[in-house]
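Tertiary structure, described
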Amino acid sequence: MVRHKTFISYHHGNEQNEKNRIVEEFKDEDFIDASVSEGDIDINLSEDSIMRKIRDQYLKDSSVTLILIGRETASRPFINSEIQASLWGDNPNGLLAVVTDDLYEYIYDASVCNCGTKVRIPVNHDLYLPDLVKKNREIERNSNRKSECHYSDSELYCSLISYSQFLDNPDYYIHDAYIKRTELDYNIAKKLDKSTPKIQKNIYSNLAN
């Protein structure tokens, strides 16, 4: 399978090892090894200018954005702005959320639906998932919802898997995120909540990505 150019958004302080392993195992040319850091972008620019700068200078020719999610990811302003820039405009990137194995076990409980299907029940999502990851996992945004009983990641714009799952079959998950850009009838959430940490005047923090 042809792998699509993928931008990795991650917290350098916590998930650097996970990011390095992906790049080392699956060839550097498939992944864009660049990210926004403190001082890279003038926080006095307009939101549209900030988004355009991230897309032009960091996302470049990527068509998929992979978000490595650990315990502090949701609070990182650079990561939230990178995700928003990935979705900005008329040609949004596909989104794929990859959660560290220890955190994945913490935010999901196994259960069984009334119909007998095994399902995973989200726990503590509000604490750990970045704003636009959460919004693009809302089934209500899919106008062709298949079941009122339960749903799968195939019906959501942003799939969410564990780090181990991703390493087992990266081509599949990246391609799935890529094709959802055009094949999924989904009302993509593109705007961060005002309270979400991001690159913006008076909200910007000195925390590094």
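Structure report, in brief.

Each value, and the rule that gives it
- Residues numbered from 1 in each chain as written.
- Predicted model: local features only at pLDDT ≥ 70, side-chain atom pairs only at ≥ 80, totals over all residues.
- Heavy atoms only, no water.
- Helix = DSSP H or I, 4+ residues; strand = E, 2+ residues; numbered from the N terminus.
- Rg over C-alpha atoms; globule rule 2.2 N^0.38 Å.
- Buried < 20%, exposed > 50% of the residue type's maximum accessible area, 1.4 Å probe, protein only.
- Contact = heavy atoms within 4.5 Å.
- Areas by Shrake-Rupley, 256 points an atom, 1.4 Å probe, with all protein chains shown as cover.
- Pairing = 2+ DSSP bridges.
- Axes fitted to C-alpha atoms, helices over the stretch in contact; angles between N-to-C directions.
- Parallel < 35°, antiparallel > 145°, perpendicular 65-115°, else oblique.
- Phe/Tyr/Trp six-rings, centres within 6.5 Å; stacked < 30°, edge-to-face > 60°.
- Core = buried A, V, L, I, M, F, W, Y, C linked by side-chain atoms within 4.5 Å.
- Right-handed = clockwise from strand over helix to strand, strands pointing away.

1. Quick word on the overall build of the chain
A count of helical and extended segments in the chain gives eight helices and seven strands. Expected size for 209 residues packed as a compact globule is a radius of gyration near 17 Å; at 17 Å, the chain falls within 12% of this value. Overall, the chain is about 55 × 35 × 30 Å in size when its C-alpha atoms are taken along their principal axes. Looking at the chain as a whole, 48% of its 209 residues qualify as buried. In the chain, of all internal contacts separated by at least 6 residues, the share reaching a separation of at least 24 is 75%. When the accessible surface of the chain is totalled, it reaches about 10300 Å², and 44% of it is carbon and sulfur.

2. Digging into the sheet that holds strand S2 (residues 31-32)
Spatial strand order, S2-S1-S3-S4-S7: five strands in an open sheet with parallel pairing. Here the strands that pair on one side only, and so sit at the sheet edges, are S2 and strand S7 (158-162). Here two bridges tie strand S1 (residues 6-9) to S2, and the two strands are oriented parallel to one another. Paired with threonine 6 across the two strands is phenylalanine 31, which belongs to S2.

3. Focus: helix H3 (residues 77-87)
Counting buried residues in H3 gives eleven out of eleven residues, a clear majority hidden from the surface. Along H3, the residues that are buried comprise Pro77, Phe78, Ile79, Asn80, Ser81, Glu82, Ile83, Gln84, Ala85, Ser86 and Leu87. One or two positions beyond H3, positive phi appears at glycine 89, with a value near 85 degrees.

4. Points about the packing of helix H2 (residues 47-59) against H3
When two helices pack together, you describe them by how their axes are tilted relative to each other and by the distance separating the axes. Where H2 contacts H3, the axes come no closer than 9 Å and their chain directions differ by 85 degrees. Accordingly, the angle class assigned to the pair H2 and H3 is roughly perpendicular. Contacts from Glu47, Met51, Ile54, Arg55 and Leu59 in H2 reach Ser81, Glu82, Gln84, Ala85, Ser86 and Leu87 in H3.

5. Brief notes about the packing of aromatic side chains
The relation between two aromatic rings is expressed through the spacing of the ring centres and the mutual angle of the planes. This model, assessed by the stated rule, comprises four aromatic pairs. Between tyrosine 104 and tyrosine 108 the ring centres are 5.1 Å apart and the planes differ by 50 degrees, which places this aromatic pair in the tilted class. Pairing tyrosine 172 with tyrosine 173 gives two aromatic rings, centres 5.1 Å apart and planes at 80 degrees, and the pair type is edge-to-face. Using a relative accessible area of 45% as the deciding quantity, one classes tyrosine 172 as partly exposed.

6. What to know about the nonpolar core
Of all hydrophobic cores here, the largest spans 26 residues; its most connected members are Ile69 and Val133. Listed by contribution, the elements that provide at least two residues to this core are strand S3 (64-69), H3, strand S4 (94-99), helix H4 (101-107), helix H6 (131-135) and S7. Not counting residues up to four positions away in its chain, the partners in contact with valine 133 are Ile67, Ile69, Ile83, Ala97 and Cys158. If you look at the next biggest cluster of nonpolar residues, it comprises 18 residues, including Ile8, Val23, Leu68 and Leu167.

7. A look at unusual backbone geometry
The residue lysine 60 is not glycine, and still its phi comes out positive at about 50 degrees. Here lysine 60 shows up in the loop between H2 and S3. For lysine 60, a relative accessible area of 53% corresponds to the exposed category.

8. Digging into the side chain of lysine 180
Here lysine 180 lies in helix H8 (residues 170-183). Looking at lysine 180, the relative accessible area reads 5%, which means it is buried. When neighbours within four sequence positions are excluded, lysine 180 is seen to be in contact with Asp153, Ser154, Leu156, Tyr157 and Ser159.

9. Quick notes on the pairing of S4
For S4, a buried count of six out of six residues is recorded, marking the element as mostly surrounded by other parts of the structure. Because side chains alternate across S4, one face comprises the buried residues Gly94, Leu96 and Val98, and the other comprises Leu95, Ala97 and Val99, equally buried. In this sheet, S4 lies alongside S3 in parallel orientation, the contact comprising six bridges. Bridging from a neighbouring strand, leucine 68 pairs with valine 98 of S4. As a crossover connection, the stretch from S3 through H3 into S4 is right-handed. Where S4 lies against S7, five bridges are found, and the strand directions are parallel. From the neighbouring strand, valine 98 faces S7, where its bridge partner is isoleucine 161.

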